[in-house]
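Each chain, letter by letter, is given below.
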Amino acid sequence: MWHNDFPALAALAARGITYLDSAATAQKPAALLLALQTYLSQGVANVHRAGYRLADEVTTAFEACRDEVATFIGAAQRDEIVFTRSATEAFNLLAYALEPQIQAGDELLLSPLEHHANLLPWQQLAARRSATLVWLPITASGHIDMTAASKLFNPRTKLLAVTQLSNVLGTVQPVRELCALAEQHGALSVVDGAQGIVHGTVDVRALGCDFYVFSAHKLYGPDGLGVLYGRHSLLSQLPPWQFGGEMVQQVSRASASFQAAPLRFEAGTPPISAVLALRASLAYLRALDRSAVAAHEAALLQHLKDGLDQRAGVRRLGDSDAALVSFVVDAVHHADLAQLLDEQGIAVRSGQHCAHPLMATLGVAGSTRVSLSLYSQDADLERFFTALDNALALLQEEPTP
Amino acid sequence: MSLPAAAQQVLNLLQQSPSFEGRNRALLQLGNQLPSFASERRNEQDLVHGCDSQVWLRCAQQGTALHFSASSDARLIRGLLACLLLRANGLTAAELAHVDWPDWLTQLGLKQQLSPSRANGLNAVVQRVLALSRAT
């Protein structure tokens, strides 16, 4: 349906590669290629130093992306949007900028579903401030247990950091309810939207979160660019964490004063071409019928789950709600399966998916993850299942003595 | 330098079976011939980092000849390890230093398995084999 909008898919097909790893990074729409080609071939300029017309034009286009992002996620104001180098950098920014607000004995609430990007910055912050990480329990289906979660909030809870959509299990988390609990207890809320924003409409005000993070490259945009949304009343009070050009007002030999948010968090030359490319990707996505995309992805997910469930020895991890499924196979090592799928041109993710604590919680050494996108097709899944059957025919044979 | 007999056998087996199914069935069979040690004897010191599946590697000396053994839970990976260890075993450290590993895997039809970015970690295993041989 939409796969013709993604030129790389034809190139991959010509090489016999079936791409089912979009949760790692997504292929790019032609609109993005055109935007990059146009900007890079028509003359580049640095932003926010518009001493001449070209720089003014580029800055205007760059800042228009901030408006586009604000609209895309339902932010109240454009200056609630910070451009970072990655989603990981956005979490690190928060962990440093929020550090003065965290005291010894404070509690940071996390789920075991978190990607390392939304775990390690908080783990390190907790170590620096003698704070404690508290873990929200998950149910067998892979959802945060709200009954248990509600009992873990207390006056020491200072921060909640949770994923909207698990990158391993594909489970949608009760983020809105959790953010409401955080607000009631005076805790800040941080939502990892890296997967969630790709597979559903996001409205940060409806979610009620204080901060929302995503990366451009998973959202059919360029790599090297992350986005941090921060509620204006909070973001405007945070100190800068990296220092350099662009983010200053006045600099003397001994001291400096800094710009207001968001520019105070954008030290150095930002990834200008990536921001312009993201603007093109968002415009492409906005022009799509998002409900048709959601229906397409839901049908593919059902096809994937049904196909896996029909195969002997295959066990899905959790019960996915969206776009991706992880599974293990009895007596088959995920590394062996990965190798045989790769030999047959199937690109899927194998291993621990940057979520070691979750794999430990689930009691598995690793898994195979198949992830879908709006450009995935039933034929991709058919090729995957054929390759899976070929691989399992070999790996499930009794070893010869 | 002529090939060790076990290595010649590996070469014959894989060259006879170029198809997807044949090659991988041969690798699974070779996995059973891997000079191995029991999982109870695995320890942190022998763990080779950089493998998606966990691989433990040991080296013993008989005179000047080196003998490697490995342990892994992944069957196909054991076959790939056997391809390496059956080529290395019985050689001296000086002989091992002259083995052309990319050429060996190319002869086996497994060249792409040795890339440093591959999650199977075969390249890390080769590096560990060489480091262990230098330490003897």
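All values reported here derive from a predicted model rather than from experimental measurement. (Residues numbered from 1 in each chain as written. Chains lettered and ligands numbered in written order. Predicted model: local features only at pLDDT ≥ 70, side-chain atom pairs only at ≥ 80, totals over all residues.)

> Quick rundown of the environment of Gly351(A)? Include the residues and the values.
Looking at the element boundaries, Gly351(A) is found in strand 14 (residues 349-351). When the C-alpha positions of Gly351(A) and Ala104(A) are compared, they lie 35 Å apart, and in sequence the two are 247 residues distant. (Helix = DSSP H or I, 4+ residues; strand = E, 2+ residues; numbered from the N terminus.)

> Go over the interface of chain A and chain B with me, naming the residues and quoting the values.
Counting residues at the interface gives 13 residues for chain A and 16 residues for chain B. Elements with a minimum of two residues in the side of chain A that touches chain B: helix 12 (334-343), strand 14 and helix 14 (378-395) of chain A. Among the elements that take part in the side of chain A that touches chain B, helix 12 of chain A stands out by supplying six residues, more than any other. Here the residues of the side of chain A that touches chain B sort into six nonpolar, five polar and two charged. (Contact = placed C-beta atoms within 7 Å. Nonpolar A, V, L, I, M, F, W, Y, C, P; charged D, E, K, R; others polar.)

> Tell me about the packing of helix 3 (residues 75-88) of chain B against helix 6 (residues 122-135) of chain B, and name the residues and values.
Residues and elements named next belong to chain B. One can describe the packing of helix 3 onto helix 6 by two numbers: an axis separation of 11 Å at closest approach and a directional angle of 25°. On the basis of their axis angle, the class for helix 3 and helix 6 is roughly parallel. Considering how the two elements wind past one another, helix 3 and helix 6 form a crossing that is right-handed. In this structure, helix 3 uses Leu80, Leu81, Leu84 and Ala88 to contact helix 6, whose residues at the interface are Leu122, Val125, Val126 and Val129. Looking at the contact of helix 3 with helix 6 residue by residue, the class counts come to eight nonpolar, no polar and no charged. (Axes fitted to C-alpha atoms, helices over the stretch in contact; angles between N-to-C directions. Parallel < 35°, antiparallel > 145°, perpendicular 65-115°, else oblique. Left-handed = near helix turned anticlockwise from the far one by under 90°.)

> Give me the lowdown on helix 11 (residues 290-309) of chain A, citing residues and values where you can.
Along an α-helix, a turn takes 3.6 residues, which lines up residues three or four apart on a common side. All names here are of chain A. The end-to-end C-alpha separation of helix 11 is 28 Å, in line with the 28 Å expected for 20 residues at 1.5 Å each. Three or more residues of helix 11 are buried, namely His296, Leu300, Leu301, Leu304 and Leu308. The arc that holds the buried residues of helix 11, viewed along the axis, is 135°, so those residues lie on one side. Pointing more than 90 degrees away from the buried face of helix 11 are the exposed residues Ser291, Ala292, Ala295, Ala299, Gln302, Asp306 and Asp309. Where helix 11 is buried, its residues contact strand 11 (314-316), strand 12 (324-329), strand 15 (367-371) and helix 14. (Expected span 1.5 Å × (residues − 1). Buried ≥ 20, exposed ≤ 12 C-beta atoms within 10 Å, placed from the backbone. Arc of directions from axis to C-beta.)

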